[in-house]
Amino acid sequence: MKIVLGADHAGCALKNAAKEYLLKRDIDVIDLGVGSDDEPVDYSDIGIKAAEMVAAGESDRGILSCGTGIGMSIAANKVRGAYAALCTDSFMAKMSRLHNNANILVLGGRVVSVERALEMVGVWLDTPFEGGRHFRRIEKIRAYENKDIEGNGSHSKGRLVIMDHPLIQHKLGIIRNTSTSVKEFRELVEEIAGLMVYEITRDLPVEEIEVETPLAKTRAKTISGKKMAVVPVLRAGLGMVQGILKLIPNAKVGHIGVYRDPTTLQPVEYYCKLPGDIEERDILIVDPMLATGGSSVLAIDLVKRRGGKKVSLVCLIGAPEGLQKVKEAHPDVDIYMAALDDHLDEHGYIVPGLGDAGDRLFGTK
């Protein structure tokens, strides 16, 4: 583990004590200063620099200190990907890791003693992130952080985008309802998929062409040679295909069949047919439910093995367990969903979810 340390003059004593403690534990340290309590520095400069190093992966975690810790925590939390927790006792330090997965610990040099600070550092280092429902909550924060990226039209790798458009959320509420008929459920899944792909494709490149209206020639825009493929995971993924094709009628369609082995509970491929030019296309793998994540990981594996390069996963509802599994196996894949729910039950169903999407689409239960 590598930890970056930083402090202003008021937090220097805590920083130096933490450095000595970490070195005794054979932990690599990057010391951004300051070196002494009479050395002038702005806490914002130190806090932002340390946070940038953590967010960029140059350091695994960070420990910052100033007079109260407030200024350092505010500065560090302005950096996307930095999650700084200001703690005043060991319980807070433990919970900042256990429930919040904080990657920066902030201490107040005028608030806590050196002894208490080192106790907090030890607890913070030794407490793992619990995951589960807490993973879902943190992913929502990350999704919010990415909103301005999406609005600027850039396309960064490995995003989680939770679509909160009112129409999507309204229709999602209806299909969650156990009394919704098969016909209405099927129609709404198709409609939601169409609304989602409308948002997913907002960054497609366009070019100008000349067209002739009934009155005059004018300049218009057309999508610039973008090739797309839709790949449903059988069988429930079929319910989303037509909604997407209504907006992207020229997209090619592949199919992936996966079942869960009753003994090993691992996903097993039984069918895979993809477009011959899959390596040239932007690929949307569609499956209404991201539950355990096994089928999604295998589907992405199959597409990549056959040459697929730009792959996105599109789901209606996900669980934290499945989301974490996909992100760990395929960190480069963008994931789009309408809702990230609470957890999986003992049978692997998403709670609150909507039940078995395949059965509700095709009336088989």
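What counts and what doesn't
- Residues numbered from 1 in each chain as written.
- Predicted model: local features only at pLDDT ≥ 70, side-chain atom pairs only at ≥ 80, totals over all residues.
- Heavy atoms only, no water.
- Helix = DSSP H or I, 4+ residues; strand = E, 2+ residues; numbered from the N terminus.
- Buried < 20%, exposed > 50% of the residue type's maximum accessible area, 1.4 Å probe, protein only.
- Contact = heavy atoms within 4.5 Å.
- Areas by Shrake-Rupley, 256 points an atom, 1.4 Å probe, with all protein chains shown as cover.
- Lys, Arg positive; Asp, Glu negative; His and termini not counted.
- Charge placed at Lys NZ, Arg CZ, Asp CG, Glu CD.
- Core = buried A, V, L, I, M, F, W, Y, C linked by side-chain atoms within 4.5 Å.
- Patch = residues over 30% accessible without salt bridge, like charges linked within 9 Å, V, L, I, M, F, W, Y side chains within 5 Å.
- Salt bridge = Lys/Arg side-chain N within 4 Å of Asp/Glu carboxyl O.
- Arc of directions from axis to C-beta.
- UniProt positions renumbered as here; feature names shortened; annotations may be inferred.
- Axes fitted to C-alpha atoms, helices over the stretch in contact; angles between N-to-C directions.
- Parallel < 35°, antiparallel > 145°, perpendicular 65-115°, else oblique.
- Left-handed = near helix turned anticlockwise from the far one by under 90°.
- Nonpolar A, V, L, I, M, F, W, Y, C, P; charged D, E, K, R; others polar.
- Polar contact = N/O pair within 3.5 Å; in protein donor to acceptor, adjacent residues only side chain to side chain.
- Pairing = 2+ DSSP bridges.

## Quick look at the overall build of the protein chain
Within the protein chain, the secondary structure is distributed over 13 helices and 18 strands. For the protein chain, the spread of C-alpha atoms along the three principal axes comes to 75 × 60 × 40 Å. Within the protein chain, the fraction of its 365 residues that count as buried is 48%. Contacts in the protein chain between residues far apart in sequence, at least 24 positions, make up 66% of those at least 6 positions apart. Put simply, the protein chain shows about 17,700 Å² of open surface, and 51% of that area lies on carbon and sulfur atoms. Taking the 46 positively charged and 51 negatively charged side chains of the protein chain as two groups, their mean positions are separated by 4 Å.

## What to know about the nonpolar core
In terms of nonpolar packing, the biggest core is built from 39 residues, with Ile175, Met196, Val286, Val314, Leu316 and Ile317 touching the most fellow members. Within the residue set of this core, elements represented by two or more residues are helix 8 (166–176), helix 9 (182–200), strand 9 (228–234), helix 10 (238–245), strand 13 (282–286), strand 15 (310–318), strand 16 (334–340) and helix 13 (357–362). Setting aside residues up to four positions removed in sequence, Leu316 forms contacts with Ile175, Val189, Ile192, Met196, Met240, Asp287, Pro288, Met337, Ala338 and Ala339. Membership of the second largest hydrophobic core comes to 28 residues, among which are Leu160, Ile283, Leu302 and Val333.

## Focus: a nonpolar patch on the surface
Together, Tyr259, Tyr270 and Tyr271 make up a nonpolar patch on the protein surface, roughly 340 Å² of accessible area in all. Considering the arrangement of structural elements, one finds Tyr270 in strand 12 (residues 267–273).

## Examining helix 12 (residues 320–329)
Turn by turn, an α-helix covers 3.6 residues, leaving residues three or four places apart pointing in a common direction. If you check which residues of helix 12 are buried, you get Pro320, Gly322, Leu323 and Val326. Around the axis of helix 12, the buried residues are gathered within 165° of arc, so they sit on the same side.

## Some words on the UniProt feature "binding site: 5-phospho-alpha-D-ribose 1-diphosphate" (unreviewed entry) in the protein chain
Look at the UniProt record and you will see "binding site: 5-phospho-alpha-D-ribose 1-diphosphate" (unreviewed entry) annotated at Arg235, Arg260, Asp287, Pro288, Met289, Leu290, Ala291, Thr292, Gly293, Gly294, Ser295 and Asp356. As for its position among the elements, Met289 is in strand 14 (residues 289–290). Overall, Met289 belongs to the buried group, its relative accessible area being 15%. Here Met289 is in contact with Ile317, Ile350, Gly353, Leu354, Gly355 and Ala357, once residues within four sequence places are set aside.

## Observations regarding helix 8
Where helix 8 is concerned, the buried positions are Ile168, Lys171, Leu172 and Ile175. For helix 8, the arc enclosing every buried residue in end-on projection is 105°, short of the 170-degree limit, so these residues lie on one face. Of the residues in helix 8, the exposed ones pointing more than 90 degrees away from the buried face are Pro166 and His170. Taken together, the buried residues of helix 8 touch helix 9, strand 15, strand 16 and helix 13.

## What to know about the packing of helix 11 (residues 294–305) against helix 12
Between helix 11 and helix 12, the least distance of the axes is 8 Å, while the angle of their chain directions is 25°. When the interaxial angle is binned, helix 11 and helix 12 end up roughly parallel. Of the two possible hands of crossing, helix 11 and helix 12 adopt the one that is right-handed. Side by side, helix 11 and helix 12 meet where Gly294, Ser296, Val297 and Ile300 of the first sit next to Lys325, Val326 and Ala329 of the second. Each residue belonging to the contact of helix 11 with helix 12 can be placed in one class, and the counts come to 4 nonpolar, 2 polar and 1 charged.

## Some words on the environment of Ile285
When you line up the elements, Ile285 lands in strand 13. Taking the relative accessible area as the measure of exposure, Ile285 reaches 0% and is therefore buried. Taking the C-alpha atoms as reference points, Ile285 and Leu313, separated by 28 residues in sequence, lie 4.9 Å from one another. Among all residues touching Ile285, those that are not within four sequence positions of it are Val231, Val233, Ala299, Ile300, Val303, Val311, Ser312, Leu313 and Val314.

## Topic: the side chain of Thr127
Among the secondary structure elements, Thr127 is positioned in the loop between helix 5 (114–126) and helix 6 (133–145). Engagement of the side chain of Thr127 in a polar contact is seen with the backbone oxygen of Val123, the distance being 2.7 Å. When residues no more than four places from it in sequence are discounted, the contact partners of Thr127 are Lys94, Arg97 and Leu98.

## Here we look at the sheet that holds strand 5 (residues 104–108)
Overall, parallel pairing links the 5 strands, which are arranged 2-1-3-5-4 in an open sheet. In this open sheet, the two strands that pair with only one neighbour each are strand 2 (28–31) and strand 4 (84–86). Sheet twist, expressed as the average angle between the axes of neighbouring strands with direction ignored, equals 20°. Sheet topology places strand 1 (residues 2–7) next to strand 2; 4 bridges connect them, and they run parallel. Across the sheet, the residue bridging to Lys2 is Asp28, located in strand 2. Those strands touched by helix 2 (residues 43–55) are strand 1, strand 2, strand 3 (61–66) and strand 5, and its axis lies near 170° from that of strand 3.

## Here we look at the pairing of strand 8 (residues 217–223)
With 7 bridges joining them, strand 7 (residues 206–212) and strand 8 adopt antiparallel strand pairing. Paired with Ile209 across the two strands is Ala220, which belongs to strand 8. Counting the residues in the hairpin turn of strand 7 and strand 8 gives 4 residues.

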